[in-house]
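Here are the chains, one letter per residue:
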Amino acid sequence: MSSNPSDSSTPRGEAWVWFTGLGLIVGLGMVVGLLSLVILNGVTVFWAPPVPVAQIDDGRTIIGQLAQRRIRAGSPANAPRYELQYQVGLRELNGNSYLWVDEAKVKAETFPADVLGLERVENGPAFVRPVSLRKSDGQTVLVTDPSFEVAFQAEVASASAVREKLVEITRHRIGDVNAEMDAARVALRRAEDLKLAAEVAARRGQITSLEQRFAALQAEAAKVVAGGAVASLVSREASGREVLVPLTQVIRGWFPNRLDTWGRIQLFSSRLGEFIFDEPREANTEGGLMPAIFGTLVMTVFMSLMVTPFGVITAIYLREYAQQGAVLRIVRISVNNLAGVPSIVFGVFGLGFFVYVLGGSIDQLFFADQLKYNNNTPVFGTGGLLWCSLTLALMTLPVVIVATEEALAAVPRGMREASLAAGASKWQTIRDILLPASAPGILTGVILAMARGAGEVAPLMLVGVVKLAPTLPFDAVAPFLHMDRKFMHLGFHVYDLGFQSPDSDAARPMVFATTLLLIVLVVALNIGAIWIRNRLRARFKGAAF
Amino acid sequence: MNPTTPSRIKVRPATERDGRKDYISIRDYGFWYGQKKALDAISLDIPERQVVAFIGPSGCGKSTLLRNLNRMNDLVDGISHEGDITINGRSIYDPGLEVISLRRRVGMVFQKSNPFPKSIYENVVYALRVMGVRDRAILDEACETSLRKSALWDEVKDRLQDSALGLSGGQMQRLCIARAIANRPEILLMDEPCSALDPIATGKIEELIHELKEQFTIVIVTHSMQQAARVSDRTAFFYLGKQIEYDTTEKIFMNPSQAQTEAYISGRFG
């Protein structure tokens, strides 16, 4: 061994390399853990496992899908006792969809082939053993009949078709009439107030005709209901009590113990499709998330569209035009600190400034009639898509400013000089040379801003996100995109499901599924932006600056 | 009409020298970066359509002087100057003269080739574009003329729309020359244009300088005394911000009047 420490064969400082590696491992572990938890729990929500019929010690029989298995509270650590949670459904009879049972008290579990799972419009799912089907043509098919399943699925499909037609009439067409009616009533009040006799008469006529259309639609809806399927399913619940389920209530029925793998995959995709493309039901604990996905997407895109020009312009001024000095340093420090302000503060500011001051002024200026003749109902003076986008744009502004400044500073000095030496003005140099060259860096900032904005919830709760929005912010009525409307948001949806839901057991799987969807959406947005950035980068490839 | 024609500029009576009038006049010129004096009492006249080389050891101020001829040093904070520089009789510090129009008349080629991340075509016509020229025919014509003058046309005429960043180092530098002459400036400043190039590319650029001299007044800063001797008509030697000697290249290299000049060109210092 050498006595001279400087040529010792033991490398120095290696321990610290391991230490930094440890930091990375902890970080990666957390990310992987989080993702696998969310993905595992989120994806299995839509999977239909076999459903047991369980005999319990106390003589009860339950039919239910196993939801959770956990160690009983107070059981000894060396010999843990487990309890099982079954989703038994039939909330209207049982009072609760879920049931905890001591595992030791489960005597026997069987998987009879006739167990039927039902997803229903109301009261959540049900697990029953069918007895017979009364078809809409009056015939009765017994469960023992081999054609039972085919007949049952056909009746469910025709009932679904009727239900969709009803939704089309009641929600969309009657909704349109109602919207026109509201507008006409406001116009009538205004005409009466201003004593415009001709207009009063015209509006009255309009309202009468709208009322007629409303009545006609209601009659049509009633006819659809009357002419629709009256099929119903006679079945028994676990204890043997007979349950009559009208098929108009059934969205989907499946025999969980009879399905092969392919059938389960089909059921899985059908449920996943509903989750992504349908509207929510039952206080958001069931059905789909379309409005929330759409709201999140539109809001994030608008936020990016607003934050990018503001941030870039500010950064250009700070970097290229402003006198570098003490004042500018203070401005820079303030901008950086803005990034650390809690997001709820931006929410309060958004509510106070955007909604009440800006929105209120817009209403005073452009919607004065609306305010006066519609019980002071605000248009822009209340939370909405526009204010949410602006609030988040403000919140993410520092990210874009800092990224743009760095990108501008990183443009090689030679390019700037070459442009100026060619007789370009400063603005031409910025527009033609600096901005294109720094576009990838600017987009990095926008990506970071989007990632932060898409996942933000707290400020949105104050400026326009709601639990359930009756209409999408986008429809066929001009101006097509309604920036004043309130909307749904995935992040808020997670909060609402998890912590505001009356049935937390029923909401739990949806919380994971929604979280997964939110992550997927943010990742998708980022991949889109990164793709654009890489295309831009490719244009500058091989630059020998 | 050539948009760069300096119609408003008074023409000073020409001082005949080798049959040419002086074009750039530098009079008692001093220059500071903040508190540091970079140039001191420079006075020299540059005749039109000749090549003048600035030589001297690093830090002697030759690049600073070159970059002041088109006021590129304006980008640096805390600069100041004394004395005056006139081009064709008009001071470059004339408040009525916009720096942009000065730079349109004084083209510049830099030490490191600095093409824009655009197509070859867009690089060449950039100076015309920023002047507001939109006519495709004029742009095409200017592009071809400049590329021919910079001896690059035959190599790139089939890929004008390709990125300029795919060219070789020598081609890039010739592209930068094409870009600098596209709007037909009167003066071309070259700041060590060959320092990053191999001997073959250097040879091409030097040939180019010989040809360009027919139309442009060229000021070149170089570290290579052979290059100065090869390309220039007149040479100025600077040392520590001072102008030591300025004369015809032949005189400077064959029979310098100052001992410092002789020491430098014979390689004894610097």
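For every chain, the first residue of the written sequence is number 1, and numbering continues from 1 along that sequence. Here the convention is simple: chains get letters from A, ligands get numbers from 1, in the order in which they are written. Selection of residues for local features in this predicted model requires a pLDDT of at least 70, selection of side-chain atom pairs for listing and counting requires 80 or more, and totals for whole chains, interfaces and linings are taken over all residues. With hydrogens and water excluded, all non-hydrogen atoms of the structure serve as input to the side-chain values.

Caption draft 1: Main features of the nonpolar core. Residues Ile24, Ile26, Tyr29 and Phe54 of chain B are the most contacted members of the largest nonpolar core, which totals 114 residues. Domain start and stop positions are those given by an automatic or database domain assignment. Two domains each provide a minimum of three residues to this core, namely domain 1 (43-130 + 250-277) and domain 3 (290-544) of chain A. It only takes one pair of heavy atoms within 4.5 Å for two residues to be counted as in contact. Ignoring any residue separated from it by four or fewer positions in sequence, one finds Ile24 of chain B in contact with Leu44, Asp45, Ile46, Leu69, Ile85, Thr86, Ile87, Ile187 and Val219 of chain B. One finds Ile55, Val109, Phe216 and Ile265 of chain B within the second-largest nonpolar core, a separate group that totals 26 residues. To qualify as a nonpolar core, a set must consist of buried Ala, Val, Leu, Ile, Met, Phe, Trp, Tyr and Cys residues joined through side-chain atoms within 4.5 Å. Under the scheme applied here, a residue whose accessible area is under 20% of the maximum for its type counts as buried, over 50% as exposed, and between as partly exposed, the area being computed with a 1.4 Å probe on protein chains only.

Caption draft 2: Looking closely at the domain arrangement of chain A. Residues and elements named next belong to chain A. If you check the domain split of chain A, you get domain 1 (43-130 + 250-277), domain 2 (136-230) and domain 3 (290-544). Computed over C-alpha atoms, the centres of domain 2 and domain 3 are 39 Å apart. Taken together, the contact between domain 2 and domain 3 spans five residues of the former and six residues of the latter. Two parts placed together each lose some accessible area under a 1.4 Å probe, and the buried area is that loss summed for both. Where domain 2 abuts domain 3, roughly 520 Å² becomes buried across the two surfaces, and 52% of that area is made up of carbon and sulfur atoms. Any carboxyl oxygen of Asp or Glu that lies within 4 Å of a side-chain nitrogen of Lys or Arg is treated as forming a salt bridge with it. Put simply, domain 2 and domain 3 have zero salt bridges between them. Polar contacts, as counted here, are pairs of nitrogen or oxygen atoms within 3.5 Å of one another; within protein the pair requires one atom able to donate a hydrogen and one able to accept it, and residues that are adjacent in sequence qualify only if both atoms are side-chain atoms. Where domain 2 touches domain 3, the interface holds zero residue pairs in polar contact (both at pLDDT 80 or more). Amino acids are sorted into nonpolar (Ala, Val, Leu, Ile, Met, Phe, Trp, Tyr, Cys and Pro), charged (Asp, Glu, Lys and Arg) and polar (every other residue, Gly among them). In terms of residue class, the side of domain 2 that touches domain 3 is made up of two nonpolar, no polar and three charged.

Caption draft 3: Inspection of the interface of chain A and chain B at higher detail. Listed as interface residues are 23 residues of chain A and, on the opposing side, 24 residues of chain B. Regarding the contact of chain A and chain B, the summed buried area is about 1,900 Å², with carbon and sulfur atoms giving 62% of it. Of all residues in chain A, Glu417, Ala421 and Ala422 of chain A give up the largest surface area on contact with chain B, accounting jointly for 25% of the area buried on that side. Inspection of the region where chain A meets chain B yields one salt bridge. Residue Glu417 of chain A pairs with Arg67 of chain B through a salt bridge whose shortest N-O separation is 2.6 Å. The helix and strand labels rest on DSSP assignments: H or I over at least four residues marks a helix, E over at least two residues marks a strand, and numbering proceeds from the N terminus. When contributions to the side of chain A that touches chain B are tallied by element, the ones reaching two or more residues are α11 (413-421) and α12 (426-454) of chain A. Here the element with the most residues in the side of chain A that touches chain B is α11 of chain A; it accounts for eight residues. Of the residues in the side of chain A that touches chain B, the class split is eleven nonpolar, seven polar and five charged.

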